[in-house]
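What follows is each chain in one-letter form.
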Amino acid sequence: MCSVGFRGARFAGTSWGNYSSVAFLELTNVWQEYPDQVVLERLNLMLEAGEFCVVVGASGCGKSTFLRLLLGEERPSRGRVILDGKPLRDEPDAARGVVFQRYSVFPHLTALANVLVALEFKQAPLTARLFGRTRYAATKRAQAMLEAVGLGAAAARYPCELSGGMQQRLALAQALIAEPRVLLLDEPFGALDPGSRADMHVLVRDLWRRHGLTVVMVTHDLKEGFSLGTRLLVFDKVRHDPQAPNAYGSRVTYDLKLRTNPLTPMTHANRAAALRLASIVPGHAAPG
Amino acid sequence: MRKLINWRPAKGALAALGCAPFVLVLIAYMVASQARLEVNPNDKMLPAFASFSAAITRVAIEPDRRTGERLLWVDTAASLRRLGLAIAISAVIGLTLGMALGALPIAGASLSPLVAGVSLIPPLAILPILFIVVGLGELSKVVLICIGITPVITRDIEQRVREIPRELIVKAQTLGASTWQIMLRVVLPQALPRLVSALRLGLCSAWLFLIAAEAIAAESGLGYRIFLVRRYLAMDVILPYVLWITAVAYLTDYVLGWISRRAFRWHFLGQLQ
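Residues numbered from 1 in each chain as written. Chains lettered and ligands numbered in written order. Predicted model: local features only at pLDDT ≥ 70, side-chain atom pairs only at ≥ 80, totals over all residues. Heavy atoms only, no water.

## With respect to the overall build of chain A
The helix and strand inventory of chain A stands at eight helices and ten strands. For chain A, the residues scored as buried account for 55% of the 288 residues in total. Expressed as a percentage of contacts within chain A between residues at least 6 apart in sequence, the contacts between residues at least 24 apart total 69%. Approximately 12400 Å² of chain A is accessible, and the part contributed by carbon and sulfur atoms is 54%. (Helix = DSSP H or I, 4+ residues; strand = E, 2+ residues; numbered from the N terminus. Buried < 20%, exposed > 50% of the residue type's maximum accessible area, 1.4 Å probe, protein only. Contact = heavy atoms within 4.5 Å. Areas by Shrake-Rupley, 256 points an atom, 1.4 Å probe, with all protein chains shown as cover.)

Below, the structure is given as structure tokens:
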């Protein structure tokens, strides 16, 4: 794994123990409005490198819009987003990695080729294919990455021959080998059964810790948020107009620092906050 | 008594049930042919099997008295050359254009209506234009087939490319891919299985246009031959030719299907689920 270097890794040492004041991802007064509705309003947010930020909220609260915004698929109608000191590009690029709930891997490539293709994109602009010695080196890196997510034995299989959990592992491996500065997870475990979901939690937490990743994860599972994140954001509407339900957008209603180190359990205060939150956010069970 | 909808043939009976219609048609032909020949031994409508074998020997095995060539093979080669060339050209244009229209919103917005319009023109209606513009030679037949099937292939590929989940295109970009790289490594491989199935469907109309064009102006070719001997009511040549054309068409289709299953294993694996 030593061969896989991560740009995010340089923050790893400083980010957990004491939150430094350097904002890695900064949203200033961001609005997302459509002709007939306001989805997000007055979003002000500072994320630090190495944070594992989980975004929860009821469906339709704009958490997916928030992720598309970070991904560059949508441009904010107002405000600005800064990533690592530079304005965020308004189209997806290699600075942001992503794992979706579905369709995250290429069905026409084997598991190994799915990871390899990321290196081929980077190293062969014209042919998008590697040959000879460079291909050999890249294949070794890809295979190491597959092994890191526990797919070493499935390298030659096509995604449709893999289970849902294995496909998501593959998607993670693929995203990580491209060394993104921030990893975006869009309900990545939503379609998995509880068993594989628990396995994935262990894997994601482990990868995050080892590579010093900065993660933004959107989920509708509050419990998942509490057990994985270092920080929890709840999106909800503050203002309501019964006559025009779309007139106002969501804001961050809760911003909880859950833990500074992924291995420490939640503090007593946080657990209390979690329980309180669970009673407020509809449709969520209290975290264990 | 079970309902008819639940009656399934036994495994052994499957082949017999499939063959039965062919055998019945054959018997019907033999009976009808016999009846007509009894009335008039010179009847040309439904020749006896002996006449077929004589005709096949004449066109396929013995060299033609006038040209010294074995006609069936010369005709087959000429037709397949036109067909192959036209299919290859249509595949390349259809694939390139379809990928561009499906993947690039700018190209789709500006060219999709044109392609849709062109695909509505009945190709045979512009055959006279082709004869005027490019002459009566090989080119006009190839162009006719191309005009007939390229728009269909293009629209099929365009449709397939539009069906590629947006997530995959975004994912490729987050892995650092450029538009060109996405076309090459994501769009193209996903469009290829559809190209083969579009070609298999296109072959039906391609044969139609080929035979029509050969019937009107050619010096060799399967379509040319059957329309030529029509003047002599030579059913003993026409019927074997028709069967031969069918066999060749079936064989091309089978080969394409085989190639597709071998080359795009991921596609067929995915379909099983």
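## A short note on the nonpolar core
With 109 residues, the main nonpolar core has Leu172 and Leu232 of chain A together with Trp207 of chain B as its most contacted residues. With 15 residues, helix α8 (residues 179-216) of chain B is the single largest residue contributor to this core. Built from parts of two domains, this core gets at least three residues from each of domain 1 (10-15 + 22-64 + 74-95 + 182-288) and domain 2 (106-179) of chain A. In this structure, Trp207 of chain B is in contact with Leu80, Leu83, Leu222, Ile245, Val248 and Ala249 of chain B, ignoring residues within four places of it in sequence. Counting residues in hydrophobic clusters, the runner-up holds 31 residues, among them Val30, Leu69, Val81 and Leu184 of chain A. (Core = buried A, V, L, I, M, F, W, Y, C linked by side-chain atoms within 4.5 Å. Domains from an automatic or database assignment.)

## What to know about empty space enclosed by the protein
Residues and elements named next belong to chain A. Per the counting criterion, the structure on display carries one cavity of 30 Å³ or more. Considering only enclosed or pocket space, the largest cavity measures out at about 40 Å³ in volume. Lining the largest cavity, in full, are Leu172, Leu183, Leu185, Val204, Leu207, Trp208, Leu213 and Val215. Listed by contribution, the elements that provide at least two residues to the lining of the largest cavity are β7 (182-186) and α6 (194-211). When residues of the lining of the largest cavity are assigned to their parent elements, the largest contribution, three residues, is made by α6. The residue makeup of the lining of the largest cavity, split by class, is eight nonpolar, no polar and no charged. (1 Å grid on protein atoms, 1.4 Å probe; cavity = no way out; pocket = protein on both sides within 12 Å on 5 of 7 lines; lining within 4 Å. Points joined across faces, edges and corners; volume = space filled by probe spheres on them. Nonpolar A, V, L, I, M, F, W, Y, C, P; charged D, E, K, R; others polar.)

## Concerning the pattern of salt bridges
Counted under the stated rule, the structure contains 26 salt bridges over all chains. Its salt-bridge partner being Asp90 of chain A, residue Arg75 of chain A comes within 2.9 Å of it at the nearest N-O pair. Here Asp90 of chain A lies in the loop between β5 (86-87) and β6 (96-99) and Arg75 of chain A lies in the loop between α2 (63-71) and β4 (78-83), a separation of 15 residues in the sequence. Taking the relative accessible area as the measure of exposure, Arg75 of chain A reaches 60% and is therefore exposed. Of the residues examined, Asp90 of chain A reaches a relative accessible area of 38% and is grouped as partly exposed. Between Arg194 of chain B and Asp156 of chain B there is a salt bridge whose closest N-O contact spans 2.8 Å. With Arg194 of chain B in helix α8 and Asp156 of chain B in helix α6 (residues 138-163), the pair connects residues that are 38 residues apart, well separated along the chain. A network of salt bridges, in which partner residues are shared, links Arg89, Glu91, Asp93 and Arg96 of chain A. (Salt bridge = Lys/Arg side-chain N within 4 Å of Asp/Glu carboxyl O.)

## Some words on the side chain of Lys171 of chain B
On the secondary structure map, Lys171 of chain B appears in helix α7 (residues 166-174). One buried charged residue, Lys171 of chain B, remains without a salt bridge, the closest side chain of opposite sign being Glu167 of chain B at 12 Å. Each residue touching Lys171 of chain B, except ones within four places of it in the same chain, is listed here: Val98, Val99, Ser104, Phe106, Ala171, Gln174 and Ala175 of chain A. (Lys, Arg positive; Asp, Glu negative; His and termini not counted.)

## Observations concerning the interface of chain A and chain B
The interface of chain A with chain B comprises 35 residues on the first partner and 24 residues on the second. The junction of chain A with chain B conceals about 2600 Å² of combined surface from both sides, 63% of it contributed by carbon and sulfur atoms. In this structure, the connection of chain A to chain B is made through two salt bridges. Between Glu120 of chain A and Arg185 of chain B there is a salt bridge, with its nearest N and O atoms 2.7 Å apart. Counting across the interface, chain A meets chain B through eleven residue pairs in polar contact (both at pLDDT 80 or more). Contributions of two or more residues to the side of chain A that touches chain B are made by β6, α3 (111-123) and α5 (164-177) of chain A. Its residues assigned to classes, the side of chain A that touches chain B shows 23 nonpolar, five polar and seven charged. (Buried area = accessible area lost by both parts, 1.4 Å probe. Polar contact = N/O pair within 3.5 Å; in protein donor to acceptor, adjacent residues only side chain to side chain.)

## A few points about the domain arrangement of chain A
Residues and elements named next belong to chain A. One can read the domain layout of chain A as domain 1 (10-15 + 22-64 + 74-95 + 182-288) and domain 2 (106-179). Counting from both sides, the interface comprises 14 residues of domain 1 and, opposite them, eleven residues of domain 2. A per-residue breakdown of the area domain 1 buries against domain 2 is headed by Met200, Leu203 and Leu207, which together make up 39% of the total. At the boundary of domain 1 and domain 2, one finds zero salt bridges. Taken together, the connections running from domain 1 to domain 2 amount to one residue pair in polar contact (both at pLDDT 80 or more). Looking at the side of domain 1 that touches domain 2, the elements with two or more residues in it are β7 and α6. Top contributing element to the side of domain 1 that touches domain 2 by residue count: α6, with eight residues. Residues that form the side of domain 1 that touches domain 2 fall into these classes: ten nonpolar, two polar and two charged.

## Some words on the pairing of strand β8 (residues 215-218) of chain A
Residues and elements named next belong to chain A. In β8, alternate side chains face the same way, and those of Val215 and Met217 on one face and Val216 and Val218 on the other are all buried. The pairing of β7 with β8 spans four bridges and is classified as parallel. The residue of β8 that forms the bridge with Leu183 is Val215. (Pairing = 2+ DSSP bridges.)

## Points about the packing of helix α5 (residues 127-134) of chain B against α6 of chain B
Residue and element names in this part refer to chain B. Two numbers describe how α5 lies on α6: the axes approach to 9 Å, and their chain directions differ by 140°. One way to sum up the angle between α5 and α6 is to call them oblique. In the crossing of α5 with α6, the sense of the turn from one axis to the other is right-handed. Side by side, α5 and α6 meet where Leu127, Leu130, Phe131 and Val134 of the first sit next to Leu139, Ser140, Val143, Leu144 and Ile147 of the second. Its residues placed into classes, the contact of α5 with α6 shows eight nonpolar, one polar and no charged. (Axes fitted to C-alpha atoms, helices over the stretch in contact; angles between N-to-C directions. Parallel < 35°, antiparallel > 145°, perpendicular 65-115°, else oblique. Left-handed = near helix turned anticlockwise from the far one by under 90°.)

## Overview of a nonpolar patch on the surface
Residue and element names in this part refer to chain B. Side chains of Tyr250, Leu251, Tyr254, Val255, Trp258 and Ile259 sit close together on the surface and give an oily, nonpolar patch of about 640 Å² of accessible area. Looking at where Ile259 falls in the secondary structure, it is placed in helix α10 (residues 235-263). Judged by relative accessible area, Ile259 falls into the partly exposed class, the value being 39%. (Patch = residues over 30% accessible without salt bridge, like charges linked within 9 Å, V, L, I, M, F, W, Y side chains within 5 Å.)

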